[in-house]
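# Per-entry structural report
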Amino acid sequence: NISQADLDRLVEKNPDMVNLYPLVAAQEGILFHARMSPDSEVYHEQLCLNVINAFDPDKFAQAWQVVVNRHDVLKSSYHWDELPHTLQLVHEKVTLPVTQLDWQNKTEEEFEEALQQLMQEQRQKGFDFQKPPIMRLLLIKSADSWRILIDFHHVLLDGWSTSMMYGEVLTVYGALLKGDSWELPESPQYIEFVEWMFEQDQQRLADFWSDYLRGFT
């Protein structure tokens, strides 16, 4: 529930807005702590993979963009300034930042040292929650392999949805390598989960957890 003036202001600043809705409780908590401790890396998710087989970085980046295009939550930004409560805003289209680095001239020791420094720099860089996407992809070429570095904030994804996202990326990537079309299951949008959560009896849920956790401190 926001005023027309608030909505107009959001649209003016984000003309590509296609949807707007509140956060669920878990997101509220994560974002609260992230804003209270902006230098904390607690909710900064980072995955580094080593690929020793043939690898096409351009097709891999393309596969990631296909998956980002499919899911509204990956195209969302988060806004709270002058609003009664924090809202997530879905953008019509966002481009996943992809950086390719050529470190083939580094020795194995130099590569690993530079990689650790890069990972730390990415964690310290953090994210601007009002500028989507809240994730980025780095592809680093070594002398004999590729390293894939994926950074995103936990406000976007939990463990289950992260594994599903990776699965979709690999499905699309495999199809692109073969020059085939890909088939992915119909994907429910995050707003459906938000709506379901707000339809629940909040008092009943509070009573359940109060009873379940009775005796714990």
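The structure reproduced in this document is the subject of the present report. Keep in mind that what you see is a predicted model, and the values were worked out from it rather than measured.

### Here's the deal with the packing of aromatic side chains
Tallied over the full model, the rule gives twelve aromatic pairs. Measuring from ring centre to ring centre gives 6.3 Å for Phe 193 and Trp 196, while their planes differ by 20°; the resulting arrangement is stacked. Here the residue Phe 193 and the residue Trp 196 both occupy positions in helix H6 (residues 190-199), the gap between them amounting to three residues, near one helical turn. Here the aromatic cluster, defined as three or more aromatic residues joined through ring pairs, consists of Phe 55, Phe 60, Trp 64, Trp 146, Tyr 166 and Tyr 173. The ring of Trp 103 carries the charged tip of Lys 106 above its face, separated from the ring centre by 5.4 Å.

### Some remarks on the layout of surface pockets
Think of a ball as big as a water molecule: rolled over the atoms, this probe shows where empty space is left. One number sums up the size of the largest pocket: a volume of about 660 Å³. Lining the largest pocket are 26 residues, and of these Val 73, Leu 157, Asp 158, Ser 161 and Tyr 190 lie nearest its centre. Among the secondary structure elements, those contributing two or more residues to the lining of the largest pocket are helix H2 (25-36), helix H5 (159-178) and H6. Broken down by element, the residue count for the lining of the largest pocket peaks at five residues, all from H5. Broken down by class, the residue content of the lining of the largest pocket amounts to 15 nonpolar, six polar and five charged. Estimated volume of the second largest pocket: approximately 320 Å³. What lines the second largest pocket is a set of 18 residues, and nearest its centre among them are Ala 34, Ser 37, Pro 38, Asp 39 and Ser 40. Elements with a contribution of two residues or more to the lining of the second largest pocket: H2 and helix H4 (108-125).

### A few points about the pattern of salt bridges
Going through the model one piece at a time under the given rule, you end up with seven salt bridges. In this structure, Arg 147 engages Glu 112 in a salt bridge whose closest nitrogen and oxygen atoms are separated by 2.5 Å. In this pair, Arg 147 sits in strand E7 (residues 146-153) while Glu 112 sits in helix H4, placing the two residues 35 residues apart along the sequence. Judged by relative accessible area, Glu 112 falls into the partly exposed class, the value being 29%. Among the ionic pairs, Arg 214 bridges to Asp 211, the shortest N-O distance being 2.5 Å. What makes Arg 214 exposed here is its relative accessible area of 57%.

### Remarks on H2
Spanning twelve residues, H2 covers 16 Å between terminal C-alpha atoms, matching the ideal 16 Å at 1.5 Å per step. Restricting attention to buried positions, one finds in H2 the residues Gln 27, Ile 30, Leu 31 and Ala 34. Buried residues of H2 fall within an arc of 95° about the axis and therefore sit on the same side. Facing away from the buried side of H2 by over 90 degrees, the exposed positions are Ala 25 and Met 36. The secondary structure elements touched by the buried residues of H2 are strand E3 (76-79), strand E4 (87-91), E7 and H6.

### Notes on the sheet that holds strand E2 (residues 44-51)
Here we have four strands laid out as an open sheet, ordered E2-E7-E6-E5, and mixed in their pairing. Taken across any chain shown, the strands that pair with only one partner, and hence form the sheet edges, are E2 and strand E5 (98-102). Ignoring which end each strand starts from, the neighbouring axes of this sheet average 15° apart. Sheet topology note: the E5/strand E6 (residues 135-141) ladder contains five bridges and is parallel. Across the sheet, residue Thr 99 finds its bridge partner in E6, namely Leu 138.

Thresholds, definitions, all that
- Residues numbered from 1 in each chain as written.
- Predicted model: local features only at pLDDT ≥ 70, side-chain atom pairs only at ≥ 80, totals over all residues.
- Heavy atoms only, no water.
- Phe/Tyr/Trp six-rings, centres within 6.5 Å; stacked < 30°, edge-to-face > 60°.
- Helix = DSSP H or I, 4+ residues; strand = E, 2+ residues; numbered from the N terminus.
- Lys NZ or Arg CZ within 6 Å of the ring centre and 35° of its normal.
- 1 Å grid on protein atoms, 1.4 Å probe; cavity = no way out; pocket = protein on both sides within 12 Å on 5 of 7 lines; lining within 4 Å.
- Points joined across faces, edges and corners; volume = space filled by probe spheres on them.
- Nonpolar A, V, L, I, M, F, W, Y, C, P; charged D, E, K, R; others polar.
- Salt bridge = Lys/Arg side-chain N within 4 Å of Asp/Glu carboxyl O.
- Buried < 20%, exposed > 50% of the residue type's maximum accessible area, 1.4 Å probe, protein only.
- Expected span 1.5 Å × (residues − 1).
- Arc of directions from axis to C-beta.
- Contact = heavy atoms within 4.5 Å.
- Pairing = 2+ DSSP bridges.
- Axes fitted to C-alpha atoms, helices over the stretch in contact; angles between N-to-C directions.

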